Amino acid sequence: MTNARTYGDELAVVTVTYSPGETLQRFIDTLDKATERPVRVILADNGSQDGAPQQAAQQHANVEFVPTGGNLGYGGGANRGVAALGPEYGWVVIANPDLEWGAGSLDELIAAAGRWPRGGAFGPLITEPTGEVYPSARLLPSIGRGVGHALFVKVWPGNPWSRAYRQSDSGSGERTAGWLSGSCLLMRREAFDSIDGFDPRYFMYFEDVDLGDRLGKAGWLSVYVPDAEIMHIGGASTSQVSKRMLTEHHRSAYRYLADRYPGLKWAPLRLALKLGLTARAKIQAR
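Residues numbered from 1 in each chain as written. Predicted model: local features only at pLDDT ≥ 70, side-chain atom pairs only at ≥ 80, totals over all residues. Heavy atoms only, no water.

1. Digging into the overall build of the protein chain
For the protein chain, the helix and strand inventory stands at 10 helices and 12 strands. Per-residue burial over the protein chain gives 51% buried out of 286 residues. Taking the contacts inside the protein chain whose residues are at least 6 apart along the sequence as the reference set, 79% of them involve residues at least 24 apart. Of the roughly 13,500 Å² of accessible surface on the protein chain, a fraction of 55% belongs to carbon and sulfur atoms. (Helix = DSSP H or I, 4+ residues; strand = E, 2+ residues; numbered from the N terminus. Buried < 20%, exposed > 50% of the residue type's maximum accessible area, 1.4 Å probe, protein only. Contact = heavy atoms within 4.5 Å. Areas by Shrake-Rupley, 256 points an atom, 1.4 Å probe, with all protein chains shown as cover.)

Structure below.
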């Protein structure tokens, strides 16, 4: 664990870029209406080839291009972006570059932080372009919920395991959750530091689940704030790599569960998980 330090009250937004295309401009343009505070934007770039992050940094005085030195994945890139900030930044938003910010959304998240002094992470309501609400605040996955969700979600979306995991019956008000979607998180930087940020072993997927679990174990809360609203547009960088994303999703799911069942006595369970997740990935790839 890192040593505790005192941070200021300034706000920064860190987004991890990898050839984000034109969605990045919408991200920056709509950020102006998300908060009345001045915001510094860090583009933690994992090796973009389209020039969009560099161009954005040239066009906006508050935007900084920070190369990470390679494709570190989402969590690794976010860690590099946060590390580029000075101690005056006590509030850090970590977000995908393919978001459109709702009016006052960041101010709503910061207001919620005042109501939850042990809140370490705060997540908004996330909608799709269709208007559908994405289930962004969930319980931590257990073996039972995880297996039930994995087996039935495609053929029986309303199954009890998926409903429990997604907290579908928890109401629409402000509440705590086991974890929040990493596509948009306001982090109390003290909390982020206390767990050394994201685990860089997760290239994509489950880095936010792992973050929520470790925050909870360190005594912090993850708080869902539906009065803050953003829209997830869907970006260019993920549109052409669906097979790799499927593989990474199952690999990360195994890593998350295997880390929580270590040692010789759990070896049969880990083997069963690996075989089951590998088979599921192959079936879905077809």
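2. Describing the nonpolar core
Within the largest apolar cluster, 31 residues are counted, with the highest numbers of intra-cluster contacts made by Val-13, Val-93, Trp-101 and Leu-106. The element contributing the most residues to this core is helix α4 (residues 105–115), with 5 residues. Residues within four places of Val-93 in sequence aside, it is in contact with Leu-11, Ala-12, Val-13, Val-14, Trp-101, Leu-106, Cys-184, Leu-185 and Leu-186. (Core = buried A, V, L, I, M, F, W, Y, C linked by side-chain atoms within 4.5 Å.)

3. Focus: helix α3 (residues 73–83)
Counting buried positions over the 11 residues of α3 gives 9, a clear majority of the element. Where α3 is concerned, the buried positions are Gly-73, Tyr-74, Gly-75, Gly-76, Gly-77, Ala-78, Asn-79, Gly-81 and Val-82. The elements touched by buried residues of α3 are β1 (10–17), β2 (39–45), β4 (89–95), α7 (189–194) and α8 (207–217).

4. Remarks on the side chain of Ser-252
If you trace the backbone, Ser-252 turns up in helix α9 (residues 242–260). When sequence neighbours within four positions are dropped, the list of residues in contact with Ser-252 reads Tyr-202, Met-204, Tyr-205 and Phe-206.

5. Some thoughts on the pairing of β4
Burial analysis of β4 places 7 of its 7 residues in the buried class, the great majority of the element. The sheet contact formed by β1 and β4 spans 6 bridges and is parallel. Within β4, the position partnered with Leu-11 by the bridge is Trp-91. In this structure, β4 lies alongside strand β11 (residues 184–188), joined through 5 bridges in antiparallel fashion. (Pairing = 2+ DSSP bridges.)

6. Description of the pattern of salt bridges
According to the stated counting rule, one finds 11 salt bridges in the structure shown. Across the pair Arg-201 and Asp-259 runs a salt bridge whose closest N-O atoms are separated by 2.4 Å. One end of the pair, Arg-201, is in the loop between α7 and α8; the other, Asp-259, is in helix α9, with 58 residues separating them in the sequence. Ionic pairing is found between Arg-260 and Asp-213, a salt bridge with its closest N-O pair at 2.7 Å. Taken together, the residues Arg-260 in helix α9 and Asp-213 in helix α8 connect sequence positions 47 residues apart. Its relative accessible area of 9% is what places Asp-213 among the buried residues. Linked through salt bridges whose partners overlap, the residues forming this network are Asp-210, Asp-213, Arg-214, Lys-217 and Arg-260. (Salt bridge = Lys/Arg side-chain N within 4 Å of Asp/Glu carboxyl O.)

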